[in-house]
Amino acid sequence: MSHRSTPHTDSSRPIENRQSKIGNQESWLWNQDLAAIPRERRTWSTYNYAALWVAMSVNIPTYMLASGMIAGGMNWKQAIFTVFLGNVLVLIPMLLNAHAGAAYGIPFPVFARSAFGVLGSNVAAILRALVACGWFGIQTWIGGEAINAMLVALVPAWKNFALGVPVCFGFFWLLNVAVILRGISTIRFLQGVTAPFLLLIGLALLMWARAHAGGFGPMLSTPSKFKTFPEFFRFFIPSLTGVVGFWATVALNIPDFTRYAHSQRAQMLGQTLGLPITMTFYSFVGVAVTSATVIMFGEAIWDPVVVLSKLGNPIAVVIAMIALLMATLNVNVAANVVSPANDFSNLYPRRISFKIGGLITCFLGLFMQPWKLLSSYGNYIFGWLVGYSGLLGPIAGVLIADYFVVRKKVLIVDDLYRRGGAYEFTGGFNWRAIGALAAGIAVALVGLVVPRLRVLYDYAWFVGFAVSFLVHLAFTGRSKAAIQALVRGTHS
């Protein structure tokens with residue numbers, strides 16, 4: 001089947017390049033999973049994107065993000081404000097990167113070729129993919145914990161089995177593999193079916209905590225531990241960066257999903273409605289329930305699996321854990337497998353398919369040691385979320401600067417899939433873009449080794465984005481006119 005970028009008359013979209021005679025299928029840079037989606041197959045609506053975000057947002061890491069802030073000393077208003085602001089901020093680069101996917105039907109690693117080169121895109125793609133592998137491991141470990149808690153409720157003797165959690169982790173890992181082998185259609189089915197149900201589960205958990213803590217008043221009365229604004233601000237900034245970092249991966253690879261959009265409006269409206277609202281709501285569940293655990297159990301329990309295991313009623317525990325497993329499986333495959341699978345496929349499209357890329361993700365997720373990343377809220381927020389945001393913010397800076405400022409949203413689709421075209425640069429690498437990426441990462445992470453510059457690490461995503469954005473524009477200033485002349489010539 002020939003995968004073509006079909007010309008259209010919608011003036012709100014950039015002009016799409018007609019396919020060459022070879023249809024890109026003779027190029028080793030092309031395979032069916034990376035090919036541009038034809039316009040007739042772009043059918044995802046506003047509901048699909050809103051439901052996707054509802055399904056991806058309603059999960060245990062979201063809950064832990066906000067509950068970790070409560071455990072760290074914030075009150076509920078401070079935690080909710082931080083989550084809401086962070087998601088509004090990350091929505092901006094997400095919508096900007098989403099444009100190319102909806103306009104040209106291309107996935108993230110192919111989009112990255114326009115900025116980094118047809119081979120250099122692998123640098124950005126693999127950095128993003130490794131972070132996704134870590135998330136895959138985290139979600140799978142959480143799913144294993146949920147299965148273990150469910151078995152303890154049904155068979156109390158299971159609690160004495162020392163390898164209970166690792167065994168359950170392995171079982172849930174295999175379940176994820178099974179879904180991956182069934183392909184992208186299963187992902188769309190999961191997110192469409194589970195989204196409404198999971199919101200109801202969140203409400204039920206909130207009502208349970210309210211009933212056992214004596215109402216919302218006592219639940220939300222825990223004061224902030226920060227006595228002064230500077231003291232609060234020192235915790236707020238890395239927490240905000242952590243919230244942005246939470247979706248920094250999807251902010252890059254969102255073209256993997258918007259390539260199926262039937263219009264720019266559908267994906268933009270669906271994402272705007274789905275992401276900030278759902279994240280804030282489910283974060284409130286985490287905040288309120290964690291605050292309630294202080295009253296109910298005498299300590300702030302930030303892990304919902306531990307909270308739900310204390311329900312007492314085995315039937316309630318099983319129902320709750322099944323709901324969590326559905327949520328975890330859905331978000332794990334949709335957010336943490338689709339994109340790295342495409343990223344790994346981008347390394348050698350003729351040999352690495354989506355399914356093989358997904359299996360690579362699964363195995364690498366094992367080596368990321370997710371149990372260590374979840375050992376405390378500090379490791380989770382300030383180590384994991386803030387740390388990798390310093391890698392991904394710079395990628396977003398280069399892509400957005402290149403697509404919107406340098407190329408004016410015009411791409412030559414054929415050349416994204418072949419050597420020697422507009423995106424060949426120097427041997428397939430755009431060293432200007434890679435240099436800008438390296439500069440952003442270096443500045444964002446320098447605070448890890450230079451204590452006096454720790455503030456740069458606290459702002460890792462923002463610092464990395466800004467540095468790479470500006471450096472890329474500075475590096476490409478001389479070649480910008482040549483690039484735009486080439487594009488104009490191609491479409492003339």
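So, here's what we can say about the structure.

### Considering the overall build of the protein
A tally of regular secondary structure across the protein gives 22 helices and zero strands. Split by element, the accessible area of the protein, about 18,400 Å² in all, is 69% carbon and sulfur.

### Here we look at helix H3 (residues 76-104)
Between its first and last C-alpha atoms H3 spans 42 Å; for 29 residues at 1.5 Å apiece the expected length is 42 Å, and the two agree. Capping of H3 at its N-terminal end is provided by Asn-75; its side-chain oxygen lies 3.2 Å from the backbone amide nitrogen of Lys-77.

### Thoughts on the side chain of Arg-259
Within the element layout of this structure, Arg-259 appears in the loop between helix H11 (255-258) and helix H12 (264-297). One buried charge, Arg-259, has no salt-bridge partner; the nearest side chain with opposite charge is Asp-256, at 5.5 Å. From its side chain, Arg-259 meets the backbone oxygen of Gly-105 in a polar contact 3.5 Å long. When residues no more than four places from it in sequence are discounted, the contact partners of Arg-259 are Asp-33, Leu-34, Ala-35, Ile-37, Arg-42, Gly-101, Ala-102, Gly-105, Ile-106, Pro-107 and Asn-342.

### Section: the nonpolar core
One finds Phe-116, Trp-247 and Tyr-380 to be the most contacted residues of the largest nonpolar core, which totals 142 residues. Within the second largest apolar cluster, six residues are counted, among which are Phe-136, Trp-173, Ile-180 and Cys-362.

### A short note on the pattern of salt bridges
Under the definition given, this model contains four salt bridges. Between Asp-415 and Arg-418 there is a salt bridge, with the nearest N and O atoms lying 2.8 Å from each other. The salt bridge partner of Arg-419 is Glu-424, with a shortest N-O separation of 2.7 Å. For Glu-424, a relative accessible area of 15% corresponds to the buried category.

### Description of the environment of Gln-78
Secondary-structure assignment places Gln-78 in helix H3. A C-alpha to C-alpha distance of 9.9 Å links Gln-78 and Ala-66, two positions twelve residues apart in sequence. Discounting chain neighbours no more than four positions away, the residues touching Gln-78 are Ser-224, Phe-226 and Phe-232.

### A few points about unusual backbone geometry
The residue Lys-409 is not glycine, and still its phi comes out positive at about 70°. Note that Lys-409 resides in the loop between helix H18 (377-406) and helix H19 (431-445). We note that Phe-425 has phi near 50°; this positive angle belongs to a residue other than glycine. Relative to the assigned elements, Phe-425 resides in the loop between H18 and H19.

### Some thoughts on the packing of H3 against H12
Where H3 contacts H12, the two axes come as close as 9 Å, and the packing angle between them is 160°. In terms of axis orientation, H3 runs roughly antiparallel to H12. Between H3 and H12 the crossing geometry is right-handed. Its residues placed into classes, the contact of H3 with H12 shows 19 nonpolar, eight polar and no charged.

### Some details on the packing of aromatic side chains
Evaluated as defined, the whole model comprises 26 aromatic pairs. Centroid distance Phe-81 to Phe-236: 6.3 Å. Interplanar angle 20°. Geometry classified as stacked. Here Phe-236 lies in helix H9 (residues 229-246) and Phe-81 lies in helix H3, a separation of 155 residues in the sequence. For Phe-81, a relative accessible area of 49% gives the class partly exposed.

### Some words on the side chain of His-472
You can see His-472 is positioned in helix H21 (residues 460-476). With a relative accessible area of 0%, His-472 lands in the buried category. Excluding its chain neighbours within four sequence positions, the residues that come into contact with His-472 are Val-398, Ala-401, Asp-402, Asn-430, Arg-432, Ala-433 and Ala-436.

### As for the packing of helix H4 (residues 108-116) against helix H5 (residues 121-154)
Between H4 and H5, the shortest axis-to-axis distance is 8 Å and the interhelical angle comes to 135°. Comparing their axes, H5 and H4 come out oblique. Handedness of the crossing formed by H4 with H5: right-handed. Residues Phe-108, Pro-109, Ala-112, Arg-113 and Phe-116 of H4 lie in contact with H5, whose contacting residues are Ser-121, Ala-124, Ala-125 and Arg-128. When its residues are assigned to classes, the contact of H4 with H5 shows six nonpolar, one polar and two charged.

### Here's the deal with H4
Spacing of three or four residues puts side chains on the same side of an α-helix, whose turn is 3.6 residues. The element H4 is extensively covered by neighbouring structure, given that nine of its nine residues are classed as buried. Taken together, the buried positions of H4 are occupied by Phe-108, Pro-109, Val-110, Phe-111, Ala-112, Arg-113, Ser-114, Ala-115 and Phe-116. A positive phi of about 100° marks Gly-117, the residue just after H4.

Rules behind the numbers
- Residues numbered from 1 in each chain as written.
- Predicted model: local features only at pLDDT ≥ 70, side-chain atom pairs only at ≥ 80, totals over all residues.
- Heavy atoms only, no water.
- Helix = DSSP H or I, 4+ residues; strand = E, 2+ residues; numbered from the N terminus.
- Areas by Shrake-Rupley, 256 points an atom, 1.4 Å probe, with all protein chains shown as cover.
- Expected span 1.5 Å × (residues − 1).
- Polar contact = N/O pair within 3.5 Å; in protein donor to acceptor, adjacent residues only side chain to side chain.
- Buried < 20%, exposed > 50% of the residue type's maximum accessible area, 1.4 Å probe, protein only.
- Lys, Arg positive; Asp, Glu negative; His and termini not counted.
- Salt bridge = Lys/Arg side-chain N within 4 Å of Asp/Glu carboxyl O.
- Contact = heavy atoms within 4.5 Å.
- Core = buried A, V, L, I, M, F, W, Y, C linked by side-chain atoms within 4.5 Å.
- Axes fitted to C-alpha atoms, helices over the stretch in contact; angles between N-to-C directions.
- Parallel < 35°, antiparallel > 145°, perpendicular 65-115°, else oblique.
- Left-handed = near helix turned anticlockwise from the far one by under 90°.
- Nonpolar A, V, L, I, M, F, W, Y, C, P; charged D, E, K, R; others polar.
- Phe/Tyr/Trp six-rings, centres within 6.5 Å; stacked < 30°, edge-to-face > 60°.

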